[in-house]
Amino acid sequence: NPLIILEPNQYKITQVIKSIVSIDRKLMELTQERLNNLTKPQGSLGRLEELAKIITGITAKENPELKNKVIFTFAADHGVSDENVSAFPKAVTAQMVYNFLRGGAGINVLARHIGARVVVADLGVAEDLKPSPELVIKKIGYGTKNMAKGAAMTKDEAIQSICAGIEIFEAEIAKGVDIIGTGEMGIANTTSSSAITAVFTKEKVEDVTGRG
């Protein structure tokens, strides 16, 4: 086989993928047994029991401690908003980022309730945001292109975006992270995510699109 030279970003993604290991399914079975032996009806905690098993399987710890919690909220604009697919104008993306930074959004309330810190990052908001010590700037561009008229991103831009996410996570894990949540903000995101989901699942767009 010919020697393949990877670009730095491609190499980084390849190394991260190689570091991913399988979940501990045996420990998940033991966790279910422990849940079944608690003084409660079996399965009565519903989705919480599923999450408990998933967490033990991922962490490979019988009693994982979820002390350091982080919610990553990435913001970027979508060019397809030019097609008037959203009830809100593109400018709302930047306004919502400022709301995150002020602690006034729904995710901020939920994060405070569970004792999680919120990390807000600009991956491609269509305007320059005011500097803030609470805002991570990893801007790939000023929004994507309009996918109704052509490719929304180049392959290189997509790779840069993935690496930016990895770098943001790596900076936080150095501070201590036990569990994370991920979210994003960007007007017209329902349109782009539905399109991507339809392509991956080979389902009709109408079947994979819900409320925004």
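The structure reproduced in this document is the subject of the present report. (Residues numbered from 1 in each chain as written. Predicted model: local features only at pLDDT ≥ 70, side-chain atom pairs only at ≥ 80, totals over all residues. Heavy atoms only, no water.)

**Notes on the pairing of strand E2 (residues 116–124)**
Test applied: When accessible area is computed with a 1.4 Å probe and restricted to protein chains, residues below 20% of their type maximum are described as buried, those above 50% as exposed, and intermediate ones as partly exposed. Only DSSP runs of H or I with at least four residues qualify as helices, and only runs of E with at least two residues qualify as strands; both kinds are numbered from the N terminus onward. Two strands are said to pair when DSSP picks up at least two bridges between them.
Across the nine residues of E2, seven count as buried, placing the element largely inside the fold. In this structure, E2 lies alongside strand E3 (residues 135–137), joined through three bridges in parallel fashion. Bridging from a neighbouring strand, aspartate 122 pairs with isoleucine 137 of E3.

**Observations concerning the packing of helix H1 (residues 8–19) against helix H6 (residues 155–173)**
Applied cut-off: Angles shown run from 0 to 180 degrees and are taken between the N-to-C directions of axes, each axis being a line fitted to C-alpha atoms and, for helices, limited to the stretch in contact. Just so you know how the angles are binned, under 35 degrees is roughly parallel, over 145 roughly antiparallel, 65 to 115 roughly perpendicular, and the rest oblique. Here a crossing is taken to be left-handed if its near helix is turned anticlockwise relative to the far helix by less than a right angle, and right-handed if that turn runs clockwise. We call two residues in contact when some of their heavy atoms are within 4.5 Å. Three categories are distinguished: nonpolar for Ala, Val, Leu, Ile, Met, Phe, Trp, Tyr, Cys and Pro, charged for Asp, Glu, Lys and Arg, and polar for the others, with Gly belonging to the last.
Remark: H1 packs on H6, axes separated minimally by 9 Å, with the N-to-C direction vectors making an angle of 55°. On the basis of their axis angle, the class for H1 and H6 is oblique. Regarding H1 and H6, the two cross each other, and that crossing is left-handed. Two secondary-structure elements touch here, H1 through Asn9, Gln10, Lys12, Ile13 and Val16 and H6 through Ile159, Gln160, Ile162, Cys163, Ile166, Glu167 and Glu170. Classifying every residue of the contact of H1 with H6 gives six nonpolar, three polar and three charged.

**Focus on the side chain of glutamate 49**
Formally: Pairs of N or O atoms are called polar contacts if they sit within 3.5 Å, as long as, within protein, a hydrogen donor faces a hydrogen acceptor (for residues adjacent in sequence, only side-chain-to-side-chain pairs).
Its place among the elements puts glutamate 49 in helix H3 (residues 47–59). Look at glutamate 49 and you get buried, because its relative accessible area is 4%. In terms of polar contacts, glutamate 49 uses its side chain to reach the side chain of lysine 40, at 2.6 Å. When near neighbours in sequence (up to four residues on either side) are disregarded, glutamate 49 contacts Gln32, Leu35, Lys40, Gly43 and Ser44.

**Points about the packing of aromatic side chains**
Let me state the cut-off plainly: Each aromatic pair joins two rings of Phe, Tyr and Trp (for Trp, the six-membered one) with centres within 6.5 Å, and gets the label stacked for planes under 30 degrees apart, edge-to-face for over 60, and tilted for any other angle.
In this structure the tally under the stated criterion is two aromatic pairs. Aromatic pair phenylalanine 72 and phenylalanine 74: ring centres 6.2 Å apart, planes at 65°, arrangement edge-to-face. Where phenylalanine 72 meets phenylalanine 169, the ring centres are 6.1 Å apart and the plane angle is 55°; that geometry is what we call tilted. Of the two residues, phenylalanine 72 is situated in strand E1 (residues 69–76) and phenylalanine 169 in helix H6; the sequence distance between them amounts to 97 residues. A relative accessible area of 30% places phenylalanine 169 in the partly exposed class. Among the aromatic residues, those joined into a cluster by ring pairs are Phe72, Phe74 and Phe169.

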